[in-house]
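# Per-entry structural report
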Amino acid sequence: MSLIRVTRKFHFEMAHALYQYDGICRNIHGHTYHLEVTLLGEPKSEPGHPKDGMVIDFGLLKELVQDNVVKHFDHALVVNSLFPDDHIEAFKKGTERLITVDFQPTTENLLLHFAEILQQAFPSNVSLFSMRLFETSNSYAEWFATDNP
């Protein structure tokens, strides 16, 4: 049995504000996020099958990540539910795509959230191996399955 890792990159725009943060990131601001998703699996071994040699069809990988993460978070404002109700109401008036989460929407926490979502989305013949979420071109967080048994 030979295991192979396959990776697909995704890009989306998202804004957030860090609740009671002690710097300028307490203000609403946005990033162009870059998400890399790596799956681990055994290539299909069915000579003559159109998907012979594939761990997963890259089209299916794209569809699953788009449908479960990118479509929900692209061009959304993500804020911690600890913001006061009047702030949340003001955010709602300013955007059609407000997502409130029960955590500080840092790159690290968002990556953990995405990993939870995606682990449930993939077929049983592959597993989520790792993910990277870039908040800027030189700042990112990484998640590895081996670190999170």
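Each remark here, short or long, concerns the structure printed above.
Here's what I pulled together on the structure shown here. Predicted, not measured: the structure shown is a model, and the values here were computed from it.

Criteria and thresholds
Residues numbered from 1 in each chain as written. Predicted model: local features only at pLDDT ≥ 70, side-chain atom pairs only at ≥ 80, totals over all residues. Heavy atoms only, no water. Axes fitted to C-alpha atoms, helices over the stretch in contact; angles between N-to-C directions. Helix = DSSP H or I, 4+ residues; strand = E, 2+ residues; numbered from the N terminus. Left-handed = near helix turned anticlockwise from the far one by under 90°. Contact = heavy atoms within 4.5 Å. Nonpolar A, V, L, I, M, F, W, Y, C, P; charged D, E, K, R; others polar. Pairing = 2+ DSSP bridges. Salt bridge = Lys/Arg side-chain N within 4 Å of Asp/Glu carboxyl O. Buried < 20%, exposed > 50% of the residue type's maximum accessible area, 1.4 Å probe, protein only.

### A short note on the packing of helix α1 (residues 58-73) against helix α3 (residues 107-119)
- Contact pair α1 / α3: the axes reach a minimum separation of 10 Å and the direction vectors enclose 145 degrees. Along this stretch, α1 crosses α3, giving a crossing that reads as right-handed. Taking contact as the criterion, the partners of Leu 64, Val 65, Asn 68, Val 69 and Phe 73 in α1 are, on α3, His 113, Phe 114, Ile 117 and Leu 118.
- Of the residues contributing to the contact of α1 with α3, the split by class is seven nonpolar, two polar and no charged.

### A few points about the pairing of strand β1 (residues 4-17)
- Relative to strand β2 (residues 29-41), β1 runs antiparallel, the two sharing 13 bridges. Bridging from a neighbouring strand, Phe 12 pairs with Tyr 33 of β2.
- Summarising the sheet, β1 and strand β3 (residues 76-80) pair through four bridges and their orientation is parallel. Bridge assignment links Ala 17 to a residue of β3, and that residue is Val 79.

### Some details on the pattern of salt bridges
- Throughout the structure, instances matching the rule amount to six salt bridges.
- Note that Glu 36 is salt-bridged to Arg 132, the shortest N-O span being 3.9 Å. Linking Glu 36 in strand β2 with Arg 132 in strand β5 (residues 126-136), this pair joins segments that are 96 residues apart in sequence.
- As a salt-bridge pair, Glu 89 and Lys 92 come within 3.5 Å of each other at their nearest N and O atoms. Taken together, the residues span about one helical turn, with Glu 89 and Lys 92 both in helix α2 (residues 85-94) at a distance of three residues.
- For Lys 92, a relative accessible area of 46% translates into the label partly exposed.
- One connected set of salt bridges, linked through shared partners, spans Glu 36, Arg 132 and Glu 142.

### Regarding the sheet that holds β5
- The six strands lie next to each other as β4-β3-β1-β2-β5-β6, forming an open sheet whose pairing is mixed. Of all strands in the sheet, those bounded by a partner on one side alone are β4 (98-101) and β6 (139-144). In this sheet, neighbouring strand axes are inclined to one another by 30 degrees on average, regardless of whether the strands run parallel or antiparallel.
- Across the sheet, α3 is in contact with β1, β2, β3, β5 and β6; its angle to β5 comes to roughly 155 degrees.

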